[in-house]
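Observations on the model geometry
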Amino acid sequence: KKDKIPDEEAPVEKLVGAIVYAKNKDSFYFAFVHDIFKHWTLSKGHLKEGEDENAGVKRVIKDEIGIDVAVKEILGENAYITYNKEKKKIKKHVVYFLVESKFEDLKLKESGGLDDAKWFPIAEIDELNFYDDVLPIITKAVNILLNQKK
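Further remarks concern the overall build of the chain. Check the secondary structure of the chain and you find two helices and seven strands. Summarising its shape, the C-alpha atoms of the chain cover approximately 50 × 30 × 30 Å along the three principal directions. Expressed as a percentage of the 150 residues in the chain, the buried residues total 42%. Long-range contacts, defined here as pairs at least 24 residues apart, represent 71% of the contacts in the chain between residues at least 6 apart. For the chain, the exposed surface amounts to about 8900 Å²; the carbon and sulfur share of it is 48%. Of the side-chain charges in the chain, 26 are positive and 28 negative, and the distance between the mean point of each set is 1 Å.

Put into structure tokens, the structure is as follows:
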């Protein structure tokens, strides 16, 4: 049986996530992770107690896909309701950053929810299956990078 508490009263977990990009041969590439529900999505993870968001996002990306990143700017945030193993309602609040990396091999950490990590050229990302709530974040990142070229 799932929790019946109202969404606004659910305990909040703070996470950080990122759009990871790299430049390779005059083109931008994005690193996305693939989940077991067949969606490409953004790397994200929990902040540690008292951890700064910038330090947290660098740690999360290094841990999840094995690369070092430099934080460029905040892209936005979202929140969604989910349930933990005890079927208790939780609100996950994620702050997303635009981060830059070298174009190097990704090494996905073994986890129950993710099954792949891959670089995609900017021209191919519109063909990927994303969650609706991350599309505005991805669109904002693409616009920022494309406007840098002008």
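Resuming the write-up.
Two measures describe an aromatic ring pair: the distance that separates the ring centres and the angle between the ring planes. A complete count under the given rule lists seven aromatic pairs for this structure. Summarising the aromatic geometry, the rings of Tyr21 and Phe28 are spaced 5.8 Å apart at their centres and angled 75° between planes, so their arrangement reads as edge-to-face. Among the residues examined, Tyr21 registers a relative accessible area of 3% and is labelled buried. Here the aromatic rings of Trp40 and Phe120 are separated by 4.8 Å at their centres, their planes lie at 80°, and the arrangement is edge-to-face. Residue Trp40 is located in strand β3 (residues 40–41), and its partner Phe120 is located in strand β7 (residues 114–121); the two are separated by 80 residues in the primary sequence. Of the two residues examined, Trp40 and Phe120, each falls in the buried class.

Attention now moves to the side chain of His34. With respect to the element layout, His34 can be found in strand β2 (residues 27–35). Residue class for His34 comes out buried when judged on its relative accessible area of 15%. Sequence-distant contacts of His34, that is, excluding residues within four places in its chain, are made with His39, Trp40, Gly113, Leu114, Asp115 and Asp116.

As a further point, take the pattern of salt bridges. By the definition in use, this model includes five salt bridges. Two residues, Asp68 and Lys62, come together in a salt bridge whose shortest N-O distance is 3.6 Å. One salt bridge in this structure joins Glu100 and Lys72, with 3.3 Å as the shortest N-O distance. Here Lys72 lies in strand β5 (residues 70–83) and Glu100 lies in strand β6 (residues 89–100), a separation of 28 residues in the sequence. What makes Glu100 partly exposed here is its relative accessible area of 28%.

Cut-off values and rules
- Residues numbered from 1 in each chain as written.
- Predicted model: local features only at pLDDT ≥ 70, side-chain atom pairs only at ≥ 80, totals over all residues.
- Heavy atoms only, no water.
- Helix = DSSP H or I, 4+ residues; strand = E, 2+ residues; numbered from the N terminus.
- Buried < 20%, exposed > 50% of the residue type's maximum accessible area, 1.4 Å probe, protein only.
- Contact = heavy atoms within 4.5 Å.
- Areas by Shrake-Rupley, 256 points an atom, 1.4 Å probe, with all protein chains shown as cover.
- Lys, Arg positive; Asp, Glu negative; His and termini not counted.
- Charge placed at Lys NZ, Arg CZ, Asp CG, Glu CD.
- Phe/Tyr/Trp six-rings, centres within 6.5 Å; stacked < 30°, edge-to-face > 60°.
- Salt bridge = Lys/Arg side-chain N within 4 Å of Asp/Glu carboxyl O.

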